[in-house]
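Residue-level listing of the chains:
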Amino acid sequence: MTTRCLLLVALSALASADEEKPYEVPTSIDGAFFFEPFINTERWVRTEDENYQGELQLQSYGVFRGKAELPDALPADQGLELSSAARKHGISTVFAEPLRTKGVGLVVQFELLLKQPLQCGGAYLKLLSADEAVPPAALNGDTAYTLMFGPDKCGAVHKTHFILRHKSPVDGAIKECHLVGETAAPPLSDKKPHLYTAVITPESEVKILVDGKEVRSASLLDETAFSAPINPPKKVDDPDDSKPADWVDEPQMPDPASVKPDDWDEEAPRLIEDPAAERPDTWEPDEPLQIPDPTAEAPADWDADEDGEWEAPLVPNPKCKPSGCGEWKRPQVANPAYKGKWVQAKIDNPAYVGKWAPRQIDNPAYYYDAAPHDVMPIGGVGIELWTMQDGILFDNILVATDPRVAEAAAERTFSARKAAAARLERGDGWLGAASFYLSLAAEYARENALPVGVAVCAVLASIVLLCCCRAPARAAEAGGGGVEGEEGEEEEGEGEEDDGEEEEERAESEAAACPSPAAGSGPVAVFDADAHDVDALDPEEEAQLRQLMSQPGVAAPPPPQPAKQALPTAEAVLQERTASLSRNGAAREGHLWRQTESEVELALLLVLLVLVLALVGRVARDLAVVIDGAQVEPLQPNPLVQPPVEALVVHIVFPLAAWVGRAVWERLLLPLNDLARLVLLAAPTAHQLGAKLQRHPHRAFWDSHPGMSPVATRQRAGATR
C-alpha cells in the first residue's frame with residue numbers, strides 16, 4: 001500500500017513537471033444566468049448622459065495608466081477599467097429576459113481590483129430593475145435598480161454596501177432597505193484583486209462573502225437588520241392626533257421661591273489682577289525683548305546698493321534674563337467675588353401629566369411579505385459610479401440563483417489567478433519555494449504573535465529545563481549510586497518499611513518475655529527491643545544473644561575466635577549491628593524520598609511537554625491551513641534545466657509538508673490538546689502534592705538524625721503527626 005502511494009506521488013510529480021498549460025479565460029459558466037469575463041464589450045452600452053464623461057476600457061490587471069506597474073499573474077486575462085479620475089462613469093447591459101428569484105434565491109458575484117487606494121467613491125454594481133427598464137443609453141443615477149452591492153468609501157467610512165429596493169404589494173411604493181451594521185471589507189491599498197459575493201437564499205437569508213469567506217449574514221425578515229424593514233409595522237401614529245393645549249409634559253418647573261440674591265454679580269470676571277503683586281527691582285521697562293546681535297557682521301559680498309542696508313539678526317536681550325523687560329503687568333489670580341451665571345432652582349411640576357405621544361392606529365399600508373427573497377425582477381447589470389480616482393477594474397461578473405455556481409466560477413477565475421499570483425510571488429526553483437513558504441510562516445507569526453510566542457517560549461523552557469536543570473540531579477544520582485546500591489542489596493531481605501508497626505509490637509513482646517537481671521549482679525548484656533530491629537538479625541545470632549541475656553550476672557561467653565584476638569562482648573555486637581541497620585535504613589528512606597521527588601518532577605515535565613505539543617501542534621495546524629489556503633500549485637520546473645533533486649523537493653516535499661502538519665494535528669495533537677486541558681486542571685493538585693512532600697516530617701527528621709534506626713524514625717514521625 002505504501003509503495004503504491006509513493007508511486008502515485010512520484011507519477012503526479014513527474015506529470016506536474018510537464019510544461020504548464022496557458023490560462024484560458026472561461027467564456028461561460030454552467031448554471032449561470034449571466035456571466036461576463038470581459039473578453040470584449042459587445043453587449044455593453046455606454047450611457048449618453050452628458051454628465052458621464054469618464055473613460056471605460058478593457059485593460060489587463062498589471063497595466064496602470066499605460067504602464068506595466070503591477071504584477072500580472074495571468075497576462076491573457078483582462079477586465080473593464082474605469083480610467084478617469086473625478087469623473088462619472090456609466091455603462092450597462094440588458095438581459096434577454098428578466099430574472100425572477102421566487103423559490104430559488106439570488107447570487108451576484110464579481111472581482112474587483114483597485115490599482116490605487118480608494119479615496120472617496122464607490123466600486124459597486126447595480127442589478128437594474130426590469131419593471132422600470134430604461135434604455136441603456138439613458139443610464140444615470142436615477143435609473144431604477146433592484147440590488148446595489150459592493151464596497152464604498154468616503155472619509156473614515158469604509159463598508160460593503162448591500163441595498164435592496166423592495167416594492168409594496170399594497171400600494172406599489174418602493175423603499176430602499178440598507179443592511180446596517182459593520183460589514184468587513186478587504187484592504188483598499190494592497191493592489192490585489194478581491195472577490196465579492198452576495199447571496200439571498202430561498203429562506204430569505206442574506207450572506208456577504210469576501211474572497212470566498214463569509215463576513216456577514218442577516219435575515220430579510222429581521223426588523224433590526226435593515227434601515228427600513230422589509231415588512232412595515234402593524235400600528236402607526238395617527239396623523240390627525242395632536243397634543244392638547246393644556247397638556248403638561250415637563251416633569252420639573254422653576255421654583256417660585258428661588259430668587260437671585262441682591263449681591264449676586266453675574267458680570268464679575270473669573271480672574272482679576274493680583275493687588276499684592278509688585279514689579280521687581282531688576283525689571284527693565286525700557287529695554288526691548290530682542291536686540292541686534294552685536295557679534296554679527298555683514299557678509300563680505302554684501303552690496304548695500306543692490307541688497308539694501310544690512311541688518312544684524314535679532315537675539316534675546318541679555319538684560320531681560322533676571323526678571324524681564326518691557327511693560328510690566330500684574331499677574332492674574334482667582335476673583336473671590338466671582339459666582340458665575342445664576343440659575344433658578346427647579347422643583348417637581350405638580351401639573352405634570354407625562355410624555356405625550358400620538359395614539360396608534362392600524363397601518364393602512366401594512367403587509368407581510370413572507371418570502372422577501374422574491375425580489376423585483378432583474379433586467380440587467382449596470383456600473384454607474386462617481387469616483388475621485390482611476391484604476392478601478394471589474395471582471396467576471398456573475399448572476400445566478402445557486403451559490404454552487406458562484407463557487408465553480410470562483411475556482412476557474414479567482415482561485416486560478418490567486419494560485420498563479422502565488423507562483424509568481426514564489427519564484428522559480430526550490431529556493432524560491434522555500435522563501436515563499438518562509439514568508440507565509442512569517443506573516444502567520446505576525447498575525448498570531450501570542451500563540452506563536454507562547455509556543456516558542458515553551459519549547460525554549462523545556463530545552464533549558466531538560467538540558468540544564470536536570471544535569472546536576474543526574475550527576476548527583478550517578479555519584480551516590482554505588483553506596484545506595486550496596487545498601488539497597490543489604491536491605492532487600494529485611495522486609496518492607498510498611499511493616500513497622502508489626503515489627504515494633506513483636507519486639508516489645510520479646511523484650512517483656514526476657515527475665516530482668518538482679519540488682520547489683522555485675523555486667524549484663526542488655527537488649528532494648530524498642531531501639532533495635534530484632535527481626536533484622538540472623539536466627540542463629542538471635543538465639544545466641546537471647547541465651548546470654550537470660551543468665552543474670554554472667555557475662556556472655558565469647559564466640560570462637562582465632563588465637564591472640566580479643567573477643568567482642570555481646571553488647572558491642574548488638575551496637576555494631578544496630579548502627580549498621582540504622583545507616584542502611586536512613587539511606588534507604590532517603591533514597592525513597594529522592595525517588596518520590598524525581599517522580600513528581602517527571603510528572604511536571606510531562607505536563608509541560610503535553611502543553612508544548614499542543615501549542616506547537618496548533619501553530620503547525622494553522623500554518624498548514626495558511627499554506628493550503630494560499631492554494632499554491634506545485635511548481636512546473638523544466639527537467640532539462642532544473643536537476644531532479646529540485647523537482648523532488650518542490651513537487652513532493654513541500655506538498656507533503658502541509659499534509660503532514662494537518663494530519664499530525666488532527667490525528668495526534670488534537671487529542672493531546674484536549675488532554676492538556678485536563679492536565680491543566682490537575683496541575684494545582686500536583687503542585688499541592690509536591691508541597692506536602694516538602695513539608696513531610698520524615699524529611700526533616702531524616703536530614704537531622706541520619707544515624708537513627710527505622711523503628712525510631714517511625715516512632716518520631718508518629719509523635720510529630
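Given the structure is predicted, the values throughout are model-derived calculations rather than measurements.

Asks: What exactly am I supposed to notice about the environment of Glu284 here?
Replies: Along the polypeptide, Glu284 turns up in the loop between strand S19 (271-273) and strand S20 (290-292). Residues Glu284 and Cys325, 41 residues apart in the sequence, show an inter-C-alpha distance of 4.6 Å. Among all residues touching Glu284, those that are not within four sequence positions of it are Lys319, Gly324, Cys325 and Gly326.

Asks: Explain the nonpolar core to me, please; I cannot follow it from the model alone.
Replies: Across soluble globular proteins, nonpolar side chains have a tendency to be buried as a group. Residues Phe162, Val381 and Phe394 are the most contacted members of the largest nonpolar core, which totals 51 residues. Counting residues per element, this core draws most heavily on strand S8 (residues 106-114), which supplies 5 residues. Here Phe162 is in contact with Leu147, Met148, Phe149, Cys177, His178, Leu179, Ala198, Ile200, Val206, Ile208 and Phe226, once residues within four sequence places are set aside. Among the nonpolar cores identified, the runner-up in size contains 10 residues, and Ile29, Val107, Leu398 and Ala400 belong to it.

Asks: How should the packing of aromatic side chains be read in this particular structure?
Replies: Overall, the coordinates contain 6 aromatic pairs when judged by the stated rule. Residues Phe110 and Phe149 carry aromatic rings whose centres are separated by 6.0 Å and whose planes lie at 75 degrees to one another, so their mutual orientation is edge-to-face. Placement of the pair is Phe110 in strand S8 and Phe149 in strand S11 (residues 145-154), with a sequence separation of 39 residues. The burial state of Phe110 is the same as that of Phe149; both residues are buried. Judged by centre distance (5.6 Å) and plane angle (15 degrees), the rings of Phe110 and Tyr196 are stacked. Of this pair, Phe110 sits in strand S8 while Tyr196 sits in strand S14 (residues 194-200), and the two are 86 residues apart along the sequence.

Asks: Would you take a moment to explain the confidence of the model for the protein chain for this structure?
Replies: Detailed conclusions should not be drawn from predicted coordinates in areas where pLDDT is low. Chain-level pLDDT for the protein chain is 75 on average; 58% of the residues reach the 70-or-more range. Of the regions scoring below 50 in pLDDT, residues 480-498 engages in 17 contacts with residues more than four places distant in sequence or in other chains.

Asks: Please clarify how the pattern of salt bridges should be interpreted in this entry.
Replies: In this structure the tally under the stated criterion is 13 salt bridges. Here Lys235 makes a salt bridge to Asp362, at a shortest N to O gap of 2.5 Å. On the criterion of sequence distance, the pair formed by Lys235 in strand S17 (residues 235-237) and Asp362 in strand S24 (residues 360-362) is long-range, its members being 127 residues apart. For Asp362, a relative accessible area of 54% puts it in the exposed group. Between Lys243 and Asp249 there is a salt bridge; the shortest N-O distance is 3.3 Å. What emerges from the salt-bridge pattern is a single network uniting Asp238, Asp241 and Arg359.

Asks: What exactly am I supposed to notice about the state of the cysteines here?
Replies: Any covalent bond linking the sulfur atoms of two cysteines counts as a disulfide. Within the structure shown, the criterion is met by 1 disulfide. Bridging Cys320 to Cys325, the disulfide has an S-S length of 1.7 Å. Between Cys320 and Cys325, the S-S torsion sits near -120 degrees, and that sign places the bridge as left-handed. The class for Cys325 is buried, based on a relative accessible area of 7%.

Asks: Even after reading the chapter, I still don't get empty space enclosed by the protein, so can you show me in this structure?
Replies: Rolled over the atoms, a probe sized like a water molecule indicates the empty space that remains. If you walk through the whole model with that rule in mind, you get 5 cavities of 30 Å³ or more. For the second largest cavity, the calculated volume is near 60 Å³. Along the walls of the second largest cavity sit Leu112, Leu114, Pro186, Pro187, Leu188, Asp190, Lys191, Lys192, His194 and Tyr196, which together make up its complete lining. Of all the secondary structure elements, the ones that give two or more residues to the lining of the second largest cavity are S8 and S14.

About the criteria used
- Residues numbered from 1 in each chain as written.
- Predicted model: local features only at pLDDT ≥ 70, side-chain atom pairs only at ≥ 80, totals over all residues.
- Heavy atoms only, no water.
- Helix = DSSP H or I, 4+ residues; strand = E, 2+ residues; numbered from the N terminus.
- Contact = heavy atoms within 4.5 Å.
- Core = buried A, V, L, I, M, F, W, Y, C linked by side-chain atoms within 4.5 Å.
- Buried < 20%, exposed > 50% of the residue type's maximum accessible area, 1.4 Å probe, protein only.
- Phe/Tyr/Trp six-rings, centres within 6.5 Å; stacked < 30°, edge-to-face > 60°.
- pLDDT = per-residue confidence, 0-100.
- Salt bridge = Lys/Arg side-chain N within 4 Å of Asp/Glu carboxyl O.
- Disulfide = S-S within 2.5 Å.
- 1 Å grid on protein atoms, 1.4 Å probe; cavity = no way out; pocket = protein on both sides within 12 Å on 5 of 7 lines; lining within 4 Å.
- Points joined across faces, edges and corners; volume = space filled by probe spheres on them.

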